[in-house]
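Chain residues, written in single-letter form:
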Amino acid sequence: MIARLTGILAEAAGDHAVIDVHGVGYLVQLSGKTLAALGGVGAEVKILTDMQVREDAITLFGFGSVAERDWFRLLTQVQGVGGRVALAILTVLAPDELSRAVASGDKAMVARANGVGPKLALRIVTELKDKAGPALGPAAGGAAAPKGSVEGDALSALANLGFRPAEASAAVGAAAEELGDAATLDTLVRLALRKASKA
């Protein structure tokens, strides 16, 4: 599985970009917010990714933050929400706005996205209300993990080891709280793994 890409932005369009990594161009579907933050063609970019494999296609989705990727994974667990619909939601709502909308049951906010009708918006806020709070840890309160932060890298490490976003966020959050400012990536990942295995 491809977990992240670092390369040169070769092309950018309305809903996707092509990232050149050592001569190989990866077509990546992106939310409007992430696409706008990439910069111009020729810029060096670093994005987190999620790869979906289906019978007729392999699609790579890209994200500018751990919180955005975690929300994408949560959204696509809801029946009727595919990758493109999830990106449409993340185009109109940043992760912190989506957290607030789900927590307050504000289906009208979610329905602002293209392809999301009132029934689907209601299903999203209903199904994710219990998952969103504990699942996204600090991100549910607003701030996404900064790119390159120790906590963000630890979340990525646990996700790459197969932990669900909810498990990874809860374990990393608890480990970071226990270790405080002295946390290094190594100590944070080790403690988070111990906490996740006990959960």
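The structure under discussion appears in the preceding block.
Residues numbered from 1 in each chain as written. Predicted model: local features only at pLDDT ≥ 70, side-chain atom pairs only at ≥ 80, totals over all residues. Heavy atoms only, no water.

Visitor: Is there a simple way to explain the environment of Phe63 in this structure?
Guide: Summarising the element assignment, Phe63 is placed in strand E5 (residues 58-63). Along the chain, Phe63 and Leu35 lie 28 residues apart, while their C-alpha atoms are 8.8 Å from each other. (Helix = DSSP H or I, 4+ residues; strand = E, 2+ residues; numbered from the N terminus.)

Visitor: What should I look at first to understand the nonpolar core in this one?
Guide: Side chains of nonpolar character tend, in soluble globular proteins, to be buried together. Counting 26 residues, the largest nonpolar core has Leu75, Ile89, Leu98, Val110, Val116 and Ile124 as the members making the most contacts within it. Among the elements of the structure, E5, helix H2 (66-75), helix H3 (83-92), helix H4 (95-103) and helix H6 (118-136) are those that each provide at least two residues to this core. Top contributing element to this core by residue count: H3, with six residues. Grouped together as the second largest cluster of nonpolar side chains are 16 residues, Leu48, Leu158, Ala175 and Ala196 included. (Core = buried A, V, L, I, M, F, W, Y, C linked by side-chain atoms within 4.5 Å. Buried < 20%, exposed > 50% of the residue type's maximum accessible area, 1.4 Å probe, protein only.)

Visitor: Mind showing me how you'd approach the pairing of strand E4 (residues 44-53) here?
Guide: The side chains of a regular strand alternate, first on one face of the sheet and then on the other. Inspection of the sheet shows strand E1 (residues 4-12) paired to E4 by five bridges, in the antiparallel sense. Bridging from a neighbouring strand, Leu5 pairs with Ile47 of E4. What sits between E4 and E5 in their antiparallel hairpin is a turn of four residues. (Pairing = 2+ DSSP bridges.)

Visitor: Help me understand H3, please; the structure alone is not making it clear to me.
Guide: Owing to its 3.6 residues per turn, the α-helix brings residues three or four apart onto one side. Within H3, seven of the ten residues are buried, leaving the element largely enclosed by the surrounding structure. Gly83, Val85, Ala86, Leu87, Ala88, Ile89 and Leu90 are the residues of H3 that are buried.

Visitor: Sorry if this is basic, but what is going on with the sheet that holds E4 here?
Guide: Taken in spatial order, the five strands line up as E1-E2-E3-E5-E4 and close into a barrel, and their pairing is mixed. On average, adjacent strands in this sheet sit at an angle of 55° to one another, irrespective of strand direction. For strand E2 (residues 16-21) and strand E3 (residues 24-30), the ladder comprises six bridges, and the chain directions are antiparallel. Paired with Val21 across the strands is Val24, a residue of E3. (Axes fitted to C-alpha atoms, helices over the stretch in contact; angles between N-to-C directions.)

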